[in-house]
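# Structural description and commentary
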Amino acid sequence: MQHLKTKQYGPVKAFELGYHWPGLPTFTVHIYYIDGLLIDTGQYNCRQTVLSLFKQMPLQQIALTHWHEDHIGNVSTLYNHFHPVVFAHPLTAEKVRQGFDVMLYEKYFFGKIRPQDIPMQMLPEVIQTSKYSFVPIYTPGHSDDHHVYLEPNEGWLFSGDLFVSQRIKVFRKGENIWQQIDSLKRVLVEDFDKVFCAHNPQVEFGRKSLERKLDYFESFTEQVCFWYNQGYKTAEIIQKMALKDKRMINLMTGYDVSVHWMVGSVIKHLPVQL
């Protein structure tokens, strides 16, 4: 079953998408529409729902935050029907064009990713709509191509997966916590108050939510470094910090998502920081 919940934040429309068997979805994705621009396209499993939305609204431009399957899943479907201009980082565009394998849990939640051979443009300094200006800001860490989009005049930050939660408990394999810290700092010098997250919108206390996540990450890395400098390894540090290794998540994701990768990211990329 395809789940859709529409939310309105002033002129910004948010569409919460999910795919599930009968009952509530366990994982949802938000895509945002404003003045003819769509930020991200949602998961392929929800393609019929997404397609039906834009039969009723003009779709002139698409901006992708990064290449992960829950963000680029419908870009080809939307382009083939409505022919919007699609903006993407070169790595995002390469992943979209070539397609990529997804794990079993990703295929269930999001759908299979096929090569999508459509024209895409590099991200400009500003994406302009008739009423608004969106500035792409490079924010790697969650992925190497990750960007957020800032509307400085309105104080809006469309944050992709930069936020997600104030206290992240697990990492996807390949994430870089040090880069995420730098990305949070880079964004927090800007003026905004509403954070339109792809999974957890923070429209009332958006800046404070990002500040709290930064504080949490800095405290987390400090603790991991302390135990690492005492000679402990990843599994031992998890025990020392009383972190919960969520076995159900490990099992469901084939160990692609785990607290192990979060602690390991601190250690793996530590020499870069010294």
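Notes on the structure follow. (Residues numbered from 1 in each chain as written. Predicted model: local features only at pLDDT ≥ 70, side-chain atom pairs only at ≥ 80, totals over all residues. Heavy atoms only, no water.)

### A short note on the nonpolar core
Nonpolar side chains in soluble globular proteins generally cluster together in the buried interior. In this structure, Leu210, Phe217 and Phe220 are the most contacted members of the largest nonpolar core, which totals 33 residues. Of all the secondary structure elements, the ones that give two or more residues to this core are strand S9 (147-151), helix H6 (177-188), strand S12 (194-197), helix H7 (206-229), helix H8 (234-240) and helix H10 (259-268). With seven residues, H7 is the single largest residue contributor to this core. Contact partners of Leu210, with chain neighbours within four places excluded, come to Leu157, Phe163, Leu184, Val187, Leu188, Phe192 and Val195. One finds Ile62, Val96, Phe100 and Val102 within the second-largest nonpolar core, a separate group that totals 27 residues. (Core = buried A, V, L, I, M, F, W, Y, C linked by side-chain atoms within 4.5 Å. Buried < 20%, exposed > 50% of the residue type's maximum accessible area, 1.4 Å probe, protein only. Helix = DSSP H or I, 4+ residues; strand = E, 2+ residues; numbered from the N terminus. Contact = heavy atoms within 4.5 Å.)

### Here we look at unusual backbone geometry
With a phi close to 55°, His83 is a non-glycine residue in the positive phi region. Mapped onto the elements of the fold, His83 is located in the loop between helix H3 (75-82) and strand S6 (85-87). The exposed category is assigned to His83, whose relative accessible area is 53%. Phi at Val164 takes a positive value of approximately 65°, unusual for a residue other than glycine.

### Some details on the pairing of S9
The buried fraction of S9 is high, at five of five residues. Of the two faces of S9, the one carrying His147, Tyr149 and Glu151 and the one carrying Val148 and Leu150 are both buried. Examined bridge by bridge, strand S8 (residues 133-138) and S9 share four bridges and lie antiparallel to one another. Looking across to S9, one finds that Ile137 is bridged to Val148. (Pairing = 2+ DSSP bridges.)

### So, the side chain of His71
Structurally, the position occupied by His71 is in helix H2 (residues 69-72). At 3.4 Å, the side chain of His71 and the side chain of Asp70 are in polar contact. For His71, the side chain forms a polar contact with the side chain of Asp161, separated by 3.1 Å. Filtering out sequence-adjacent residues up to four positions away, His71 remains in contact with Asp40, Thr41, Gly42, Leu64, Thr65, His66, Asp161, Ala198 and His199. (Polar contact = N/O pair within 3.5 Å; in protein donor to acceptor, adjacent residues only side chain to side chain.)

### Concerning the pairing of strand S1 (residues 2-9)
It is a general feature of regular strands that their side chains alternate between the two faces of the sheet. Pairing of S1 with strand S2 (residues 12-19) involves eight bridges; the strand directions are antiparallel. By the bridge assignment for S2, Thr6 is matched with Phe15. In this structure, the hairpin formed by S1 and S2 is closed by a connection of two residues, where Gly10 is found at a positive phi of approximately 60°.

### Brief notes about the sheet that holds strand S7 (residues 127-128)
Spatial strand order, S7-S8-S9-S10-S12: five strands in an open sheet with mixed pairing. A strand with exactly one partner marks an edge of an open sheet, and here the two such strands are S7 and S12.

### Regarding the environment of Ala235
Mapping Ala235 onto the fold places it in helix H8. Between the C-alpha atom of Ala235 and that of Gly264, which follows or precedes it by 29 residues, the distance is 9.1 Å.

### Considering the sheet that holds S2
As summarised here, the arrangement of the six strands in space is S1-S2-S3-S4-S5-S6, forming an open sheet in which the pairing is mixed. Because the sheet does not close on itself, it has two edges, and the strands there are S1 and S6. On average, each strand axis in the sheet is inclined to that of its neighbour by 20°, with strand direction left out of account. Here strand S5 (residues 61-63) runs beside S6; their pairing, made up of three bridges, is parallel. Of the residues in S6, the one forming a bridge with Ile62 is Val86. (Axes fitted to C-alpha atoms, helices over the stretch in contact; angles between N-to-C directions.)

### Some remarks on the packing of aromatic side chains
In total, this model carries 22 aromatic pairs according to the counting rule given. Between the aromatic rings of Phe15 and Phe54, the centroid separation amounts to 6.3 Å while the plane-to-plane angle is 75°, which identifies the pairing as edge-to-face. In this pair, Phe15 is assigned in strand S2 and Phe54 in the loop between helix H1 (47-53) and S5, connecting sequence segments 39 residues apart. Exposure class is identical for Phe15 and Phe54. Each is buried. (Phe/Tyr/Trp six-rings, centres within 6.5 Å; stacked < 30°, edge-to-face > 60°.)

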